[in-house]
Number of protein chains: 4
Amino acid sequence: MKIFEGDYVLLYLDQRRTYLVKVEAGKTFHTHKGFIRLDDLIGGEYGSKITSSLGVDFVVLRPLLRDFIFKSTRKTQIIYPKDIALIILFSGIGPGSRVVEAGTGTGALTTALAHYVRPDGKVYSYEIKGEYLEVAKRNLNRAGMLDFVELKNKDVTNGIDEKDLDAVILDMATPWEAVSHANKSLKPCGTIVSFSPTVDQVVKTVESLKEHGFVDIETVECLLRGLQVERGKVRPHTLMTGHTGYITFARKSASIL
Amino acid sequence: MKIFEGDYVLLYLDQRRTYLVKVEAGKTFHTHKGFIRLDDLIGGEYGSKITSSLGVDFVVLRPLLRDFIFKSTRKTQIIYPKDIALIILFSGIGPGSRVVEAGTGTGALTTALAHYVRPDGKVYSYEIKGEYLEVAKRNLNRAGMLDFVELKNKDVTNGIDEKDLDAVILDMATPWEAVSHANKSLKPCGTIVSFSPTVDQVVKTVESLKEHGFVDIETVECLLRGLQVERGKVRPHTLMTGHTGYITFARKSASIL
Amino acid sequence: MKIFEGDYVLLYLDQRRTYLVKVEAGKTFHTHKGFIRLDDLIGGEYGSKITSSLGVDFVVLRPLLRDFIFKSTRKTQIIYPKDIALIILFSGIGPGSRVVEAGTGTGALTTALAHYVRPDGKVYSYEIKGEYLEVAKRNLNRAGMLDFVELKNKDVTNGIDEKDLDAVILDMATPWEAVSHANKSLKPCGTIVSFSPTVDQVVKTVESLKEHGFVDIETVECLLRGLQVERGKVRPHTLMTGHTGYITFARKSASIL
Amino acid sequence: MKIFEGDYVLLYLDQRRTYLVKVEAGKTFHTHKGFIRLDDLIGGEYGSKITSSLGVDFVVLRPLLRDFIFKSTRKTQIIYPKDIALIILFSGIGPGSRVVEAGTGTGALTTALAHYVRPDGKVYSYEIKGEYLEVAKRNLNRAGMLDFVELKNKDVTNGIDEKDLDAVILDMATPWEAVSHANKSLKPCGTIVSFSPTVDQVVKTVESLKEHGFVDIETVECLLRGLQVERGKVRPHTLMTGHTGYITFARKSASIL
């Protein structure tokens, strides 16, 4: 698997220091461990080593979905991969699904949704702040996902244009204001998944879901803890994120409409 | 969205009582809340209600990936959706990916892998016990995923037939014995993800990964807790699964071979 | 350390099967592993083995505080040792402290409070249900703690009789209704610790604490997980209690009164 | 409750900023919010406010056990109050107990042990590093606990001088090397509690406990998470300590000796 000019590569120093870099001819990439001539990468093999000007080795990795998510510009609070993973699974989406997302933010969740609905599905992503859409567009383009997304500078609480959706994913301050619109735009049995940091947001959203006849309503939170694996010194990591947000899942039930 | 004869439907009574049922003409489905004539479902709408012989309402839902996973026959210990979600995301796979899995078990993780690599990808699933393969085949067929899976009655510790794989997923007792084979069969930068209940399995697997030059090695565990959402009575659920297993992730690095 | 008639002993079979038994002359204790003549225990050594009529060995242990807590008659929801431990530490109490508790319930927390304020301190325990007080009295007596407790069949929301208290511990449905009384009865800098299962109880209690000028207000929850320790099979336990309650701590500040 | 010269007070600004200060006549205490003349505190009331030279209010609190623990000089890794609370409860100690602890470190756990065994009990604390003992002595003195502790500049793996102990508490790198000594020095049914960060330490310790006939062996870990309590914005705290250590508990069984 050769590295081409224009590719994005992940330069890996160690588990805490990785760099997502576009391979542009004639350019250099500077780190505090010396610089790397990007010309030296072109035509090389993915997985090989490259040595910086200071003699430090980096591994040249092909970026995965998770790398693009983590490296999204952090102009807004990013959603964690652990939560993205659960949102994807709970939503039931897959290749071919048509999904509405609100809000876009910097496009981290959008990137993941697009990744999984390819090649025939589509993500319609609503965002009221135009400046976020610019950032999201760059991030989606970098991850090669722009073709599968329609970015919309609209307020989802004013309505959803699309119909017969497989899922509506809400990562916004007032998800309960989007529930009635989601209900109208979802297929029968379509799913809604909402991500919210506070208990109060969850309560309002669940109440709105019940009012609109959604069933199988469930709220969970996910705690992820790393394990330090070294023979004789095995222990969970000291540092851990204590809370990101609650994930609420529900299914549309046509019968109460 | 009409219900057809031969469809699998999820009959939903409440969050703890759901039934995955094949709609067969002339048959009835019995629950302790009365029986349901499956003929009455044919031609109906997904999301509608059906009333049992005892006057109890069920909602007829279209099964999602998660339902197929949960309803896999439990002849072996099943892997939890929370772990499946993380394995999928960490592996980096998506539509078109070629993946080896070992072992198949009852096919819960296989179903999820197939779901996400559709329509052009493939899952090669190794299992030494023939009786599990029969169960897995039925579960995959039910979920409509059999076309995307090749079930192999082989021991992955004896070698992997496929080459240029995007990912190798290990859910087996001795994952460290499969690492050298995975290394040979993965693309450069391909991923390996291993799921193991014990610390000791993790240590041996991580040591083997290091020996074979894998990089970006990371082990995590995921705790999922439900929230009871009822205004005035909001609280986390009392019951919680304390441990399922550790997920270990790594990327192949061609450079050390 | 000899075993005397009238002692309570803990018969230990394995970690899940222990029995708190009063050593009464002429009596036998029946288990599904056979019976034990209690006469055989009298004059024996703590820590020694006793063999049942079916030839099964039990170890005769001297009960610890935790055993008395766990074996309190479960007529009401018991508070867990993990929470009791934190309540004790957060409250700042120790030998000599004067503490009000509400409500008594079956006396599990009361037993612990009494244990730690001995020999010169006192626990004043309020309970509106007379039948609980009878149970609590028996449990306290069994643990040898009755001398350090004054059980009061009173509603703490109607007022607290005592003054200059070191701490007020609330394990009741409406702790916020006791805050103003606690404030009047606490020493300057006295502490209040409240235990509540729901978020809504916590919010009301914290708001009441703020209104009454309490400072250093802090709410925590504690998750306890067991580790299965067997070389080659080390792993956290599968079963775990996901939630018991939130512990809220605060200190009285005289200055805002 | 008046403040006297020589008292330690806790100056409270907010939940993250508290200062443990000795009230010395003629001195001032400097913070980045201005200075406080300590003379102004003498004769005042605990719980009252004091205003700094920059007009910022502090509340003058009487330090609790937890404050002394938290403010122990951090020359060594400190043990967390959550773990201290569980160690105390699991050990079964209380007023009058005789306890051996190893190692002393800066005396945080020693302070807690002394607090609970007062007034008639005693803590014998072993530490091989003389410089730690100096720090521990200062911390114990400040907390008023020095009278209840005997600090010993000895290696506990060479033997325990005391006999008939109620409990042995191990917070050291190689707890398994102290088990045989603990076994000889404990009363029948006495308890041993060990605190260790790594899985490997736990395995070795549990194996040693089993070899020496200890029963009721149990290992747990405790996760503490704070809740942000503000109406409309309730949520667990983002920051959380993921791991401190495992607590292993066991009881001596005379019968296997």
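How each quantity is defined
Residues numbered from 1 in each chain as written. Chains lettered and ligands numbered in written order. Predicted model: local features only at pLDDT ≥ 70, side-chain atom pairs only at ≥ 80, totals over all residues. Helix = DSSP H or I, 4+ residues; strand = E, 2+ residues; numbered from the N terminus. Buried ≥ 20, exposed ≤ 12 C-beta atoms within 10 Å, placed from the backbone. Pairing = 2+ DSSP bridges. Axes fitted to C-alpha atoms, helices over the stretch in contact; angles between N-to-C directions. Least-squares fit on C-alpha atoms with pLDDT ≥ 70 in both. Core = buried A, V, L, I, M, F, W, Y, C linked by C-beta atoms within 7 Å. Contact = placed C-beta atoms within 7 Å. Nonpolar A, V, L, I, M, F, W, Y, C, P; charged D, E, K, R; others polar. Domains from an automatic or database assignment. Parallel < 35°, antiparallel > 145°, perpendicular 65-115°, else oblique. Left-handed = near helix turned anticlockwise from the far one by under 90°. Right-handed = clockwise from strand over helix to strand, strands pointing away. Expected span 1.5 Å × (residues − 1).

> What am I meant to see in the overall build of chain A here?
Counting its regular elements, chain A contains six helices and 15 strands. For chain A, the C-alpha atoms occupy an extent of roughly 65 × 45 × 30 Å along the three principal directions. Looking at the 257 residues of chain A, the share that counts as buried comes to 57%.

> Just to check I follow, could you spell out the sheet that holds strand β2 (residues 17–22) of chain D for this structure?
Backbone-to-backbone hydrogen bonds join strands into a sheet, with any given pair of strands oriented parallel or antiparallel. Residues and elements named next belong to chain D. Here four strands make up an open sheet; going across it, the order is β2-β1-β6-β5 and the pairing antiparallel. Among the strands making up the open sheet, the edge pair consists of β2 and β5 (49–51). If you compare each strand with its neighbour and ignore which way they point, the axes differ by 35 degrees on average. Where strand β1 (residues 8–14) meets strand β6 (residues 57–61), three bridges bridge the pair, whose relative direction is antiparallel. Bridge pairing links L10 to L61 in β6.

> Help me understand the sheet that holds strand β5 (residues 49–51) of chain A, please; the structure alone is not making it clear to me.
Residue and element names in this part refer to chain A. Strand order in the open sheet formed by four strands is β2-β1-β6-β5, and the pairing between neighbours is antiparallel. This sheet does not close on itself; its edge strands, each paired only once, are β2 (17–22) and β5. Within this sheet the neighbouring strands show an average axis-to-axis angle of 35 degrees, counted without direction. For strand β1 (residues 8–14) and β2, the ladder comprises six bridges, and the chain directions are antiparallel. For D14, the partnering residue across the bridge sits in β2 and is R17.

> Honestly, the relation of the copies chain C and chain B in this entry has me stumped. Any pointers?
A rotation about some axis, followed by a shift along it, carries one copy of the chain onto the other. For the pair chain C and chain B, the superposition axis carries a translation of 0.0 Å, the fit reaches an RMSD of 0.0 Å, and the rotation angle comes to 180 degrees. In short, the pair behaves as if placed about a two-fold rotation axis. Taking the C-alpha atom as reference, chain C places M240 of chain C closest to the rotation axis, 2.9 Å from it.

> How do you make sense of the nonpolar core when you look at a structure like this?
Where a protein is soluble and globular, its nonpolar side chains tend to be buried together. Core analysis: the biggest nonpolar cluster contains 352 residues, and V60 of chain A, V60 of chain B, V60 of chain C together with V60 of chain D have the highest contact counts within it. Those residues in contact with V60 of chain B, other than ones at most four positions away along the chain, are I3, V9, L11, L41, G44, Y46, S48 and I50 of chain B.

> Is there a simple way to think about the interface of chain C and chain B in this case?
Interface size is commonly expressed as the accessible surface area that is lost when the partners come together. Taken together, the contact between chain C and chain B spans 17 residues of the former and 17 residues of the latter. With three residues, strand β14 (residues 239–241) of chain C is the largest single contributor of residues to the side of chain C that touches chain B. Here the side of chain C that touches chain B is built from residues that sort into six nonpolar, seven polar and four charged. For strand β14 (residues 239–241) of chain B and β14 of chain C, the ladder comprises three bridges, and the chain directions are antiparallel. Residue pairing in the sheet places T241 of chain B in a bridge with L239 of chain C of β14 of chain C.

> Any chance you could explain the domain arrangement of chain A here in plain terms?
Residues and elements named next belong to chain A. Domain boundaries assigned for chain A yield domain 1 (8–63) and domain 2 (67–256). Computed from C-alpha coordinates alone, the two centres of domain 1 and domain 2 are separated by 32 Å. Of the residues lining the interface, four residues belong to domain 1; the matching set on domain 2 comes to four residues. Residue composition of the side of domain 1 that touches domain 2, grouped by class: four nonpolar, no polar and no charged.

> Looking at this model, I keep getting lost on the relation of the copies chain A and chain B. Mind explaining?
It takes a turn of 180 degrees to lay chain A on chain B, together with a shift of 0.0 Å along the axis; the resulting RMSD is 0.0 Å. Most of the interface of chain A is mirrored in chain B: 100% of its interface residues are interface residues there too.

> Sorry, what's going on with the packing of helix α3 (residues 108–117) of chain A against helix α4 (residues 130–142) of chain A here?
A pair of packed helices is captured by two measures, namely the crossing angle of their axes and the spacing between those axes. All names here are of chain A. Put simply, α3 and α4 touch, their axes get as near as 9 Å, and they point 40 degrees apart. With respect to α4, the axis of α3 lies oblique. Along this stretch, α3 crosses α4, giving a crossing that reads as right-handed. Here T110, T111 and A114 of α3 come into contact with α4, specifically with A136, N139 and L140. Of the residues belonging to the contact of α3 with α4, the class tally is three nonpolar, three polar and no charged.

> Help me understand the pairing of strand β7 (residues 98–102) of chain D in this model?
On any regular strand, side chains alternate: one points to one face of the sheet, the next to the other face. Residues and elements named next belong to chain D. Counting buried positions along β7 gives five out of five residues, so the element sits mostly inside the fold. Bridging between β7 and strand β8 (residues 122–126) involves five bridges; their strand directions are parallel. From the neighbouring strand, R98 faces β8, where its bridge partner is K122. Viewed along the sheet, the connection from β7 through helix α3 (residues 108–117) into β8 turns out right-handed. In this sheet, strand β10 (residues 165–170) lies alongside β7 in parallel orientation, the contact comprising four bridges. Residue V100 lies in a different strand from β10, and its bridge partner there is V168.

> How do you make sense of α3 of chain A when you look at a structure like this?
Residue pairs three or four apart in sequence face the same way in an α-helix, which turns once every 3.6 residues. Buried residues dominate α3 of chain A, accounting for ten of its ten residues. Every buried residue of α3 of chain A is accounted for by A108, L109, T110, T111, A112, L113, A114, H115, Y116 and V117 of chain A.

> Any chance you could explain the interface of chain A and chain B here in plain terms?
Between chain A and chain B, the residue contacts involve 59 residues of the former and 59 residues of the latter. Among the elements of the structure, β6 (57–61), α1 (65–70), α2 (81–91), α3, β11 (186–196), α6 (199–211), β12 (215–228) and β15 (246–251) of chain A are those that each provide at least two residues to the side of chain A that touches chain B. Examining the composition of the side of chain A that touches chain B, we find that twelve residues originate from one element, β12 of chain A, more than from any other. When its residues are assigned to classes, the side of chain A that touches chain B shows 33 nonpolar, eleven polar and 15 charged. Relative to strand β12 (residues 215–228) of chain B, β12 of chain A runs antiparallel, the two being bridged by seven bridges. Paired with R225 of chain A across the bridge in β12 of chain B is E221 of chain B.

> In this structure, what is going on with helix α6 (residues 199–211) of chain D? I would like to understand it.
A rise of 1.5 Å per residue sets the reference length of α6 of chain D, with its 13 residues, at 18 Å; its end C-alpha atoms lie 18 Å apart and thus fit the reference within 8%. All of the buried residues along α6 of chain D are V199, Q201, V202, V203, K204, T205, V206, S208 and L209 of chain D.

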